[in-house]
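Structure assessment
Residues per chain are reported as follows:
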Amino acid sequence: MSSISNTKVPLFGPAKQSVEHKKNNEFGPLTSDEYLYQVHSRNGEPLRDPVLDAPPYYVVVITYLNYLILIILGHIHDYLGMTFQKEKHRELLEKDGLAPWFSKFESFYVRRLKLRIDDCFSRPTTGVPGRFITCIDRISHDLNSYYTHPGTTTMCLNLSSYNYLGFAQSEGKCTDNAIASVDKYGLTAGGPRAQAGTSDLHLETEKLVARFVGKEDAMVFSMGYSTNANFFNSILDSKCLVISDELNHTSIRTGVRLSGTAVKAFKHNDMEALEKLIKEQIVQGQPKTHRPWKKILICVEGLFSMEGTMCNLPKLIELKNKYKCYLFVDEAHSIGAIGPQGRGVCDYFGINPSEVDIMMGTFTKSFGAAGGYIAADKKVIDKLRCDLTIPNYGESVPAPILAQTSASLRIITGELNPGEGLERLQRIAFNSRYLRLALQRLGFIVYGIADSPVVPMLLYAPSKMPAFSRMMLQRKIAVVVVAYPATPLIESRVRFCVSAALTKEDIDYLLRHVNEVGEKLFLKVSTGKAGGSLDGKPPRWDIEEVIRRTPSDCKDDKYFLI
């Protein structure tokens, strides 16, 4: 820790705080206008093909060997345990002629790999997930089989929440609106002063969403996952085809399966593979009958949350128009956080939203609320209002959530607190670029595009994932580590979620610790192919040089492969 002993670090506040101190802990003050960046529209220009920075072969070999050793030891442990310690393995053994609770093979990964590092996942928190997050301390017992809580908490720098624009606050205009809505409408459909079903607040929010994303109409729902999971069966049937990006979120996959439609996947963001697949399916038609597909729907995400990559919207629209398909874009992570005005991928690429047939998004990320929406032409939304199962079998969005969403939308557009929304957009753009380029210059392998608020840094070996998470928690930094099956087996990673609530000094603090932990865990394996080095040589910048030069360099596109 000596390398950071003289460093200015964030203030981890006491339990009792002044209102101003509390605000600063939830949303850090801007220390200089130099730490702002205005994103510019691409004016229809497609993205360049990504250049992935592959690790050296020895890293891949060591990663596979790690898994091989863990699997062998796990099976040996299972054999010995089921032979000599049957009481501890009752769930895997037959008893009184009854089948075991779990199959030994199917539950192996969870029992022998994930359980051992379960303390790195689902850490309990309390309070607002703003600039800092309060983690509830817990003590692990019997290799994470259960936990006890000593009753203490730890305040950590928050790089783990989808609070992209920092609207998750207990003070401010959004909170005031949410509280006022409780007095007027009540908390739930069954609570005091409640209005069951659709209220004027629902209609107002739907109009705001439609205007914000540039569509004729919109429909809001109480849960983002179920928005996708219940949407597709309203517009598709077994005579339709969905062509889906292989990295689409599980909510899209669930919805497509429930609809009973045929589905084909194409390699992530590979437009040549997509066009080839479309041609094949148009020629072949439906299975058995070979009749033409009634409808072909291309499904992609605006911003892919595990990779930090963005869909190539200009090329997708070109293919959609060329082959007379429909286009569905899930903007759960891009709406509010991407584009000059924060209006998502259409805004980022400078494309008219009318070119996208269905736009889906959630309010849980950039807006600090909950729920989701579908935006489309009015005739499509009118059909959904009659058909869709979500409003028929689920509760309507609570009034405080709608008020939070409405207020955050108005702040982004400048209708409320003029200038605040623009500052938040410029802060997250700067923070995202600064962190990404700084990590690349330090020698880490980082995925994603320059302006993505999701910054995945590759860890590879399974043993390094819990080590990184625990070492960062010791340094009072909350991060998210991700592994298989959410990622490919050997590409476990830490996923930094950047927020406008962070200050430049917070990111400096993070970089110093990541640099130190990265050196201890031998994570600096970048070749320099994907950025961070203009001459293509492996970047190994000194941390002080990175912090001194990167804030100005990150505003120049020549340092990013975009």
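Residues numbered from 1 in each chain as written. Predicted model: local features only at pLDDT ≥ 70, side-chain atom pairs only at ≥ 80, totals over all residues. Heavy atoms only, no water.

1. Section: the packing of aromatic side chains
Across all of its chains, the model carries 12 aromatic pairs by this definition. When the centroid spacing of 5.5 Å and the interplanar angle of 80 degrees are considered together, the rings of Tyr109 and Tyr484 count as edge-to-face. With Tyr109 in helix α3 (residues 108-114) and Tyr484 in the loop between β15 (480-482) and β16 (492-497), this pair connects stretches of sequence that are 375 residues apart. We classify Tyr109 as partly exposed; its relative accessible area is 23%. Relative to Phe328, the ring of Phe231 has its centre 5.6 Å away and its plane inclined at 25 degrees; by these criteria the two rings are stacked. Taken as a pair, Phe231 in helix α6 (residues 224-231) and Phe328 in strand β10 (residues 326-330) lie far apart in primary sequence, 97 residues in all. (Phe/Tyr/Trp six-rings, centres within 6.5 Å; stacked < 30°, edge-to-face > 60°. Helix = DSSP H or I, 4+ residues; strand = E, 2+ residues; numbered from the N terminus. Buried < 20%, exposed > 50% of the residue type's maximum accessible area, 1.4 Å probe, protein only.)

2. Considerations on the sheet that holds strand β5 (residues 153-158)
With mixed pairing, the 4 strands of this open sheet are ordered in space as β1-β2-β5-β14. In the strand order of this sheet, the two ends are held by β1 (125-126) and β14 (477-478), each with one partner. Relative to β5, strand β2 (residues 132-136) runs antiparallel, the two sharing 5 bridges. Following the sheet pairing, Cys135 is matched in β5 by Thr154. (Pairing = 2+ DSSP bridges.)

3. Remarks on the nonpolar core
The nonpolar side chains of a soluble globular protein tend to be buried with one another. In terms of nonpolar packing, the biggest core is built from 117 residues, with Leu313, Leu439, Met457, Phe468 and Phe496 touching the most fellow members. Sort the elements by how many residues they give to this core and helix α14 (residues 420-442) lands first, with 10 residues. Counting residues domain by domain, this core receives three or more from each of domain 1 (29-55 + 122-158 + 426-559) and domain 2 (195-413). Ignoring sequence-local partners within four residues, the contact set of Leu313 consists of Leu327, Val329, Val345, Cys346, Phe349, Ile351 and Val356. Ranked by size, the runner-up nonpolar core spans 20 residues in total, among them Ile235, Leu236, Cys299 and Phe328. (Core = buried A, V, L, I, M, F, W, Y, C linked by side-chain atoms within 4.5 Å. Domains from an automatic or database assignment. Contact = heavy atoms within 4.5 Å.)

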